[in-house]
Amino acid sequence: MNQQTSRLLVVFGVMIGALLTARHFLVPKTFGKLGHYRAAAVDVVAANKAKYAGKEACAPCHDEIVQTHDTHRHISVTCEVCHGAAAAHIDAPTEVKLRAPRERGQCPLCHGYNPSRPTGFPQIDPATHNPAKACISCHNPHAPEPPRTPEACSACHGGIAREKAVSPHASLECTECHQVDKQHKVTPRLSTPTKPASREFCGRCHATGAKSAPGIPKVDLATHEERYVCWQCHYPHSPELK
Amino acid sequence: MRDSEMRLEPSEPTGRRAFLSKALPAFVPLVALLQSGRSEQSQKEAAKQGETRSYRASQHDYAMGVDPSRCIGCGQCAEACKTENDVPEEPFYFRTWIERYSVHSDRETVVSSPNGGIGGFPAVTERGVLRTFFVPKLCNQCANPPCVQVCPVGATFKTQDGVVLVDSSYCIGCRYCIQACPYGARFMHPVTHTAEKCTFCYHRIVKGHVPACVEVCPTQARIFGDLKERASPLMRFRRQNAVQVLKADLNTEPKVYYANLDGEVR
Amino acid sequence: MMEAAQPLAEVLQQIKGYIYPNEVELHWGLLVVVYPYITGLVAGAFILASLERVFNVREVQPTYRLSLLTALAFLIIAPLPLLAHLGHPERSFEIFFTPNVHSAMAMFGFVYAWYLMVVLLLEIWFDYRKDAIVWAKDERGWKKWAHRLFTLGANDLSERSLRFDRRAGRFLTLIGIPSAFLLHGYVGFIFGSVKANPWWSSVLIPIVFLFSAIVSGIAMVLVLYMLTCLVRGKEIDMPCADKLASFLLYALIVDFSLEMLDFIHRLYQAEESIRILSQMISSRLFLSLVVLQLLLGTLIPMIGLMVISPAFRTHGRAVLKVPPELRRLIYFAAALLIQMGIFSTRWNVVVGGQLFSKSLRGLTVYKMELLGLEGFFMSALLLIMPFVVLYLLVTVLPPWPDKEVHPESIVVAAAE
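Reading guide: rules and limits
Residues numbered from 1 in each chain as written. Chains lettered and ligands numbered in written order. Predicted model: local features only at pLDDT ≥ 70, side-chain atom pairs only at ≥ 80, totals over all residues. Heavy atoms only, no water. Helix = DSSP H or I, 4+ residues; strand = E, 2+ residues; numbered from the N terminus. Rg over C-alpha atoms; globule rule 2.2 N^0.38 Å. Contact = heavy atoms within 4.5 Å. Buried area = accessible area lost by both parts, 1.4 Å probe. Salt bridge = Lys/Arg side-chain N within 4 Å of Asp/Glu carboxyl O. Polar contact = N/O pair within 3.5 Å; in protein donor to acceptor, adjacent residues only side chain to side chain. Nonpolar A, V, L, I, M, F, W, Y, C, P; charged D, E, K, R; others polar. Axes fitted to C-alpha atoms, helices over the stretch in contact; angles between N-to-C directions. Left-handed = near helix turned anticlockwise from the far one by under 90°. Core = buried A, V, L, I, M, F, W, Y, C linked by side-chain atoms within 4.5 Å. Buried < 20%, exposed > 50% of the residue type's maximum accessible area, 1.4 Å probe, protein only. Pairing = 2+ DSSP bridges. Parallel < 35°, antiparallel > 145°, perpendicular 65-115°, else oblique. Domains from an automatic or database assignment. Expected span 1.5 Å × (residues − 1). Phe/Tyr/Trp six-rings, centres within 6.5 Å; stacked < 30°, edge-to-face > 60°. Lys NZ or Arg CZ within 6 Å of the ring centre and 35° of its normal.

**Q** Account for the overall build of chain A, naming residues and giving values.
**A** A tally of regular secondary structure across chain A gives nine helices and zero strands. The order of helices and strands in chain A, counted from the N terminus, is α-α-α-α-α-α-α-α-α. Taking 2.2 N^0.38 as the reference for a compact globule, 242 residues should give roughly 18 Å; the C-alpha atoms of chain A span a radius of gyration of 34 Å, well beyond that estimate. Structurally, chain A occupies a C-alpha span of about 115 × 65 × 30 Å along its principal axes.

Next comes the structure, spelled out in structure tokens:
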């Protein structure tokens, strides 16, 4: 073999040798055991300390509160939502105390009216709902049912109420079209209000010749889109959406 | 085996051997009693060292269900996640966040996520809104993760129990995984200079708990579960709902299932 | 507060529409723009050199060695922007030892090492070996030792040895062409294979990157050839310059056609991302894409070259015949405009791909810093360094035709 080849072979040989040696020392021992990664990394992540303890951790000491809490509406709201991460408190109950928020700013985080919240979720307008009082003065956070059953439908159906209030149907009461049993305010999903079922229902005000105020738009029910029921086109809570 | 043990045995036991072969069985229960005490001891030690010893990752395949129609946008999940996982508080780093969608009647959709939803959303009532709702977002823990595919060194990977993790001491911080994630789930930690993302609170789930975001959700909008468990809330969720995943056309096989996902959600 | 938080807070104010919360921080900035620009120059310069060797384009022979050294100078600097960008550059060796074979980026270590060690360094070694031996004979001081070291002790100047050098050089150039394609093509693939990003995800990106690399490489060698002639007080070989300019023009036409194809294809298909991408091009990216890349960086040089280059022969002469002095000036100006245009191309791909949200609903901004590793000054320094390295290289291994040792002179000397 000629000079060039032999010299180059030596140079490359030394380099590759050095690389292989470095590789032997630098690649972590657990790499490749479970896949193309350092297997020990899984244990590193698994060993992180939890900050939230979970509701089960509160029950042994605070059993009465948990009992109350679990038989009322906030059953799905875990303790740590309001009181903060509790693992540190479980480890050192006397040294680490959790917050117990009492200010008005706390409850509207969930219950302040927001149009994007699902319909039926209990919401209030923080500015007008008993403005000077603390929420907990009427609502026990662990048994938050209001002291009096709300009269107005808008207490839970705020979005619909607000939409209706700026629509042509503003002066219509909810009960004009929906029959509501008292039970609906106790178990809302088990006892639902009725809804109109026929075109004639809307026709009481909107059919030609109906006995209603002159300003109300009227159509001939026999010929106006007779294939459909009224609410397939007109949204009853805001009949002509802008 | 030592050489001494390789000697051939005689055909019939005689003498001391005969005695031992008859007497030994009597000692077995005694020895077993002593042994059991010791193995219990070592088992407890193993349990103390890491409950992961008795945890077999290949028996699990974690996934999550999300029902946007239950989400009230309170932001507790995003806040709890930051607390649980020491995520920097600045509004540029999120392992999970909430988006608010407002679909208008003129086909315009407005999306927002102020500070990821932590602290809630302003109660803005707009005119002409057809639908408005909240959507929780997080790492989808894809079964075919594009982030794992592009990591040049193997610092991010899919575990045997279906969770995509990052090895912070191996990551070189090239940010390719962040570019490859179609969902914006990853970020660069400003202090460790490594990639980070939601881990399904791996340190919690291997001990039988649920992720922090699931723990604190007041309306059960998030359901955590194991796809290999035949009876679970997640199983019911998948049976009862029209389930969709985000960006299905990219074939990343996400494991966060959204119930009745609105078509405007990206 | 982290030091990055202040510019990020400013970004928050300038977001239009909606971006995912984690997208406020733009992840691949100026350094990641500089890297493909530099490797593009490497690939382009090498391909120019290979034109002479493999396709026997005699006219560009004066620039052969200069092209090789240019490629080497830029290749040496190429890893630096990457190292500066990494969160943990001290762990970068992991790419060599535990590469993920599914990741295009993992190829970097091997493609780079292959190209540097096997293609470029070896080719330069085989080409300069005889020169180094002959130069070392008459030199004194550090240059003598540098050249001695360079030869690695292979001092054989026999006819057989020189023939081996030539054959090896030719072979290396042959495998060097696909290697150069790979060196820059994989960078294009790094972007083109990201299905999450509709601006990047395209079959054409590796090809576009490659051809814009060829364009930038040829233009860089043209500029360097003219400048070095000026500095050394030597006459510019006009046939060489004309040939370089004509290859530049061909490459530019192909590059422009490919980019137009991509553009028309996108507009025609009008997939969902077209809305936000159009908004991005007409607002955030207008200056760098339409003005710098298209108009100043491609169209004007292309039309200028088309008009004056003797390559476009109509009735045996250029469309517009201009005297050599003016032609040189126009070549020089065109080459500089092209450099700016190709840099803008890299910017528009890298930064452009991050200016819009993956939610396809918003646009953000890139706040370029002045200081720090990701700052303007660092990148400017990284772009100047290859020229410094090139200066050192041409000092140790002069590529000038008048300095070259011709095989005939060696044989004659041996015979004496």
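**Q** Tell me about the interface of chain B and chain C, and name the residues and values.
**A** With 55 residues of chain B at the interface, the matching set in chain C holds 42 residues. When the two sides are added together, the surface that chain B and chain C hide from each other amounts to roughly 4000 Å², 53% of it contributed by carbon and sulfur. Among the residues chain B hides against chain C, the three largest losses belong to Phe92, Tyr176 and Gln179 of chain B. Together they make up 21% of the total. Summed over the shared surface of chain B and chain C, the result is four salt bridges. Between Arg275 of chain C and Glu108 of chain B there is a salt bridge, and its shortest N-O distance comes to 3.6 Å. There are 29 residue pairs in polar contact (both at pLDDT 80 or more) connecting chain B and chain C. Elements with a minimum of two residues in the side of chain B that touches chain C: β2 (96–104), β3 (109–112), α3 (146–150), α4 (176–180) and β7 (187–188) of chain B. For the side of chain B that touches chain C, the residue count by class is 31 nonpolar, 15 polar and nine charged.

**Q** Please provide a residue-by-residue account of the packing of helix α2 (residues 30–55) of chain C against helix α6 (residues 107–138) of chain C, values included.
**A** All names here are of chain C. Taken N-terminus to C-terminus, the directions of α2 and α6 make an angle of 35°; their axes are 13 Å apart at the nearest point. The chirality of how α2 crosses α6 is left-handed. Residues Tyr35, Val42, Phe46 and Arg53 of α2 touch α6, and the partners they reach there are Phe108, Tyr115, Val119, Leu120, Glu123 and Asp127. Its residues placed into classes, the contact of α2 with α6 shows seven nonpolar, no polar and three charged.

**Q** Any details on the interface of chain C and chain A? Residues and values, ideally.
**A** On the side of chain A, 16 residues touch chain C, which itself brings 19 residues to the contact. Summing the contributions of chain C and of chain A, the shared interface buries around 1500 Å²; its carbon and sulfur component is 72%. Looking at the side of chain C facing chain A, the largest losses of area belong to Phe97, Thr98 and Leu152 of chain C, adding up to 40% of the total buried there. At the surface where chain C touches chain A, the tally comes to zero salt bridges. Where chain C meets chain A, there are nine residue pairs in polar contact (both at pLDDT 80 or more). For the side of chain C that touches chain A, the leading source of residues is α6 of chain C, giving six residues.

**Q** Break down the nonpolar core for me, with residues and values.
**A** Judged by nonpolar contacts, the single largest core of 146 residues is most densely connected at Tyr176 of chain B together with Trp28, Tyr115, Leu120, Ile124, Phe191 and Tyr331 of chain C. When neighbours within four sequence positions are excluded, Tyr115 of chain C is seen to be in contact with Val42, Phe46, Leu75, Leu120, Gly176, Ser179, Ala180 and Leu183 of chain C. With 50 residues, the next largest nonpolar core counts Ala41 of chain A together with Trp97, Phe200 and Tyr258 of chain B among its residues.

**Q** Can you lay out unusual backbone geometry for me, pointing to particular residues and giving the numbers?
**A** Residues and elements named next belong to chain B. Phi angles above zero are rare outside glycine, and Arg175 is one such case at about 70°. In this fold, Arg175 is placed in the loop between β6 (164–166) and α4. Judged by its relative accessible area of 13%, Arg175 falls in the buried class. Its identity as a non-glycine residue notwithstanding, Cys201 has a phi of 45°, on the positive side. Topologically, Cys201 is positioned in the loop between β8 (195–196) and α5 (202–205). The exposure class of Cys201 is buried, given its relative accessible area of 6%.

**Q** Any details on the pattern of salt bridges? Residues and values, ideally.
**A** The final tally for this structure, using the stated rule, is 26 salt bridges over all chains. Here Lys49 of chain A ties to Asp91 of chain A by a salt bridge, and the two come within 3.2 Å at their closest N and O atoms. Here Asp91 of chain A lies in helix α5 (residues 87–91) and Lys49 of chain A lies in the loop between α2 (40–46) and α3 (63–69), a separation of 42 residues in the sequence. Among the salt bridges present, the one from Glu99 of chain B reaches Lys137 of chain B, with a minimum N-O distance of 3.1 Å. Taken as a pair, Glu99 of chain B in strand β2 and Lys137 of chain B in strand β4 (residues 129–138) lie far apart in primary sequence, 38 residues in all. Its relative accessible area of 0% is what places Glu99 of chain B among the buried residues.

**Q** If you had to explain the sheet that holds β3 of chain B to someone new, which residues and values would you point to?
**A** Residues and elements named next belong to chain B. Taken in spatial order, the three strands of this open sheet run β3-β2-β4, and their pairing is antiparallel. Bordering the open sheet on either side are β3 and β4, each of which pairs with just one other strand. Shown here is a sheet whose adjacent strand axes are inclined to one another by a mean of 20°, direction ignored.

**Q** Requested: an account of the packing of helix α11 (residues 274–282) of chain C against helix α12 (residues 286–308) of chain C, with residues and values cited.
**A** Residues and elements named next belong to chain C. Relative to each other, α11 and α12 sit at 70°, their axes nearing to 6 Å. Classified by the angle between their axes, α11 and α12 sit roughly perpendicular to one another. Contacts between α11 and α12 involve Met280, Ile281 and Ser282 from the former and Phe286, Leu289 and Val290 from the latter. By residue class, the composition of the contact of α11 with α12 is five nonpolar, one polar and no charged.

**Q** A description of the environment of Cys177 of chain B should follow, citing residues and the corresponding values.
**A** Residues and elements named next belong to chain B. Within the secondary structure, Cys177 sits in helix α4. On the accessibility criterion, Cys177 (9% relative accessible area) is buried. Not counting chain neighbours up to four residues away, the residues in contact with Cys177 comprise Cys147, Val150, Arg186 and Ala195.

**Q** A description of the domain arrangement of chain A should follow, citing residues and the corresponding values.
**A** Taken as a whole, chain A is organised into domain 1 (34–107) and domain 2 (153–232). The centre of domain 1 of chain A, based on its C-alpha atoms, is set 46 Å off from the matching centre of domain 2 of chain A.

**Q** Please set out helix α3 (residues 64–77) of chain C residue by residue, giving values where relevant.
**A** Across its 14 residues, α3 of chain C extends 21 Å between first and last C-alpha, which sits within 8% of the 20 Å expected from 1.5 Å per residue. Most of α3 of chain C sits inside the fold, with 13 of its 14 residues counted as buried.

**Q** Which residues make up the packing of aromatic side chains, and what values do they have?
**A** Each aromatic ring pair is characterised by the separation of its centres together with the angle its planes make. Applying the stated criterion across every chain, the model contains 28 aromatic pairs over all chains. Where Phe92 of chain B meets Tyr93 of chain B, the ring centres are 5.9 Å apart and the plane angle is 85°; that geometry is what we call edge-to-face. Tyr93 of chain B gets classed as buried once you look at its relative accessible area, which sits at 1%. Feature note: the residues Tyr176 of chain B together with Trp28, Phe191, Trp200 and Phe209 of chain C constitute an aromatic cluster, connected by ring pairs. Geometry around Phe94 of chain B places Lys82 of chain B over its ring, the cationic atom sitting 4.1 Å from the centre. The ring of Phe209 of chain C carries Arg346 of chain C above its face, with NZ or CZ at 4.6 Å from the centroid.

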